[in-house]
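Spelled out from the first residue to the last, the chains are:
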Amino acid sequence: MLRTLIRTDFRHAAQGAAALAAGMGVGRFVYTPILPLMTAQAGLGASAGASLATANYVGNLAGALVGMLAPRLGRSVVLHRAALVLLVVTLAAMPCTTSVTGWFVLRLLAGAASGVVFVFAVNSVLGHLRGHLPGWSFSGVGAGIALSGIVVLVVRELGNWRAAWWAAAVLGAALAAAAWRLPPAAESVVAALDRPRTHRWFSTLFVSYTLEGVGYIIAGTFLVAAIGHGWLGGAAWILAGLAAVPSSVGWAWLGKRWTRPGLLLTALLVQAVGIALPALWGGVAAALVAACLFGATFLGVSNLALGTGTHLRFPRSVALLTAGYSAGQILGPLLAAPLLRHGYQPALVLGAVIVLAAAVAAAFLRVGFPHRMEDPVQPLTGEAR
């Protein structure tokens, strides 16, 4: 019985990883290594490139709002599967047009699909799994980034920007198939009178995580283009994905020894350094170190922030935090766009400063934080594990 339960949990974690790899690692972040190809071969300007990134983040916010405003839809298996299909279709359709308007619509739809998949997958993983297993699921984002980066790096030597998008669609389809049977989160209810008063800490967490969305996405969108130098940018992005794979598990392991707010502060400070490095110091070493630091922290920040929200037992915490994060991602490229006329380096400096502001908010989160709380009530449906 125990062995069967362990196998079921590991299968659940793997399905969650596949969903996050498809929705985030490929559906969102494959645009980062393809952007230089579209700039060089498809006539996409820097400003239009930032607009396409913004479209994706607007869509992501819309997808996250589904989980916040309609929790039952956020747990809908049918909607989750429809989002996976839509994601693959939008990836495959990108090479079918050279219209910036058409690309804008496709990236908008892809963002909405990835937002739905993310909220569904995170709720499923955090609602059912314990210990280090949610960390392995979050590592799917890093695996998706690494796989999509490798695919684009190979295709750029053999084909063009169109072939890169089609290859990404094939990868996305394979991952979507693996995530097809991911079970939904069980519905749970905590009576209003029994709910702990954690609004102060959740509000601080929300501010920190929203600022992180603003700052990290500037690096997530423009890091490869800023590094440049042909293969180096693509290799750095693959390295960022590979560094992200074990990072969620590593941060979860550290969580056994240190508190989540303290770890969140540490991760944000390290990430700020990683974003600033390629802007302040040139060269191969700085680029590779920056990629490692970025990859090792951005998933850790998400895992820690969403885990903290769940710990605080704030209603719909995952959807609310994801909505703030998504809103921050919309704002990030818009703030960076005026700086792009001076190159990508000033944009990275701005991103690092904003992540430092997120770290300041995380420092306030530590004040009086309720580290020990009673276990939340059991789900209304399904077995608690």
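Now for a description of the structure that goes with this document. Not measured: the values here are computed from a predicted model.

Secondary structure assignment for the protein chain yields 14 helices and 0 strands. Going residue by residue from the N terminus, the α and β elements of the protein chain occur as α-α-α-α-α-α-α-α-α-α-α-α-α-α. In terms of principal-axis extent, the alpha carbons of the protein chain reach across some 60 × 40 × 35 Å. By the burial criterion, 54% of the 385 residues in the protein chain qualify as buried. Contacts in the protein chain between residues at least 24 apart in sequence constitute 86% of all its contacts with a sequence separation of at least 6. Looking at the protein chain as shown, the accessible area adds up to about 15500 Å², and 68% of this sits on carbon and sulfur atoms.

Grouped together as the largest cluster of nonpolar side chains are 113 residues, with contacts concentrated most on M38, W165, F298 and L306. Top element by residues in this core is helix 9 (residues 199-227). It accounts for 13 residues.

A word on the packing of helix 3 (residues 46-69) against helix 13 (residues 317-336). Their axes nearest at 8 Å, the elements helix 3 and helix 13 cross at an angle of 165 degrees. Taken as axis vectors, helix 3 and helix 13 run roughly antiparallel relative to one another. Read as a crossing pair, helix 3 and helix 13 show a hand that is left-handed. Taken together, the residues of helix 13 that come into contact with helix 3 (itself represented by A50, A53, T54, Y57, V58, N60, L61, A64, L65, G67 and M68) are A319, L320, T322, A323, S326, A327, Q329, I330, P333 and L334.

On to helix 8 (residues 161-179), then. Between the first and last C-alpha of helix 8 there are 27 Å, a value that for 19 residues agrees with the 27 Å anticipated at 1.5 Å per step. Along helix 8, the residues that are buried comprise W161, A164, W165, A168, A169, L171, G172, L175, A176 and A179. Capping of helix 8 at its N-terminal end is provided by N160; its side-chain oxygen lies 3.1 Å from the backbone amide nitrogen of R162.

Glancing now at the packing of aromatic side chains. Working definition: an aromatic ring pair is given by the centre-to-centre distance plus the angle between the planes. Inspection of the entire model under this criterion finds 9 aromatic pairs. Ring geometry for W103 and W161: centres 5.6 Å apart, planes at 85 degrees, overall edge-to-face. Of this pair, W103 sits in helix 6 (residues 100-128) while W161 is found in helix 8, placing the two residues 58 residues apart along the sequence. Note on W103: relative accessible area 1%, which makes it buried.

Moving on, we get to the packing of helix 6 against helix 7 (residues 133-158). Running from amino to carboxyl end, helix 6 crosses helix 7 at an angle of 165 degrees, the nearest separation of the two axes being 9 Å. The pairing of helix 6 with helix 7 is recorded here as roughly antiparallel in orientation. Regarding helix 6 and helix 7, the two cross each other, and that crossing is right-handed. Here V122, V125 and L126 of helix 6 lie close against helix 7, whose contacting residues are P134, S137 and F138. Looking at the contact of helix 6 with helix 7 residue by residue, the classes come out as 5 nonpolar, 1 polar and no charged.

This next bit is on helix 5 (residues 77-93). Under the 1.5 Å per step criterion, the end-to-end length of helix 5 is 24 Å for 17 residues, consistent within 8% with the ideal 24 Å. Listing the buried residues of helix 5 in full gives H80, A83, L84, L87, V88, T90 and L91. Seen along its axis, helix 5 keeps its buried residues to an arc of 165 degrees; they face one direction. At the N-terminal boundary of helix 5, the capping side chain belongs to S76, with an oxygen 3.4 Å from the backbone nitrogen of V78.

This part is about a nonpolar patch on the surface. Taken together, the side chains of L86, F104, V105 and L109 make up a nonpolar region of the molecular surface, amounting to roughly 290 Å² of accessible area. Broken down by element, the residue count for the nonpolar patch peaks at 3 residues, all from helix 6.

Here we take up unusual backbone geometry. With a phi angle near 55 degrees, R313 is a residue other than glycine that sits in the positive phi range. For R313, the location among the structural elements is in the loop between helix 12 (284-311) and helix 13.

Take the side chain of S208 next. Secondary-structure assignment places S208 in helix 9. The exposure class assigned to S208 is buried, which follows from its relative accessible area of 3%. Residue contacts for S208: discarding those within four places in its chain leaves L264, L268, A358, A361 and A362.

Rules of the game
- Residues numbered from 1 in each chain as written.
- Predicted model: local features only at pLDDT ≥ 70, side-chain atom pairs only at ≥ 80, totals over all residues.
- Heavy atoms only, no water.
- Helix = DSSP H or I, 4+ residues; strand = E, 2+ residues; numbered from the N terminus.
- Buried < 20%, exposed > 50% of the residue type's maximum accessible area, 1.4 Å probe, protein only.
- Contact = heavy atoms within 4.5 Å.
- Areas by Shrake-Rupley, 256 points an atom, 1.4 Å probe, with all protein chains shown as cover.
- Core = buried A, V, L, I, M, F, W, Y, C linked by side-chain atoms within 4.5 Å.
- Axes fitted to C-alpha atoms, helices over the stretch in contact; angles between N-to-C directions.
- Parallel < 35°, antiparallel > 145°, perpendicular 65-115°, else oblique.
- Left-handed = near helix turned anticlockwise from the far one by under 90°.
- Expected span 1.5 Å × (residues − 1).
- Polar contact = N/O pair within 3.5 Å; in protein donor to acceptor, adjacent residues only side chain to side chain.
- Phe/Tyr/Trp six-rings, centres within 6.5 Å; stacked < 30°, edge-to-face > 60°.
- Nonpolar A, V, L, I, M, F, W, Y, C, P; charged D, E, K, R; others polar.
- Arc of directions from axis to C-beta.
- Patch = residues over 30% accessible without salt bridge, like charges linked within 9 Å, V, L, I, M, F, W, Y side chains within 5 Å.
- Salt bridge = Lys/Arg side-chain N within 4 Å of Asp/Glu carboxyl O.

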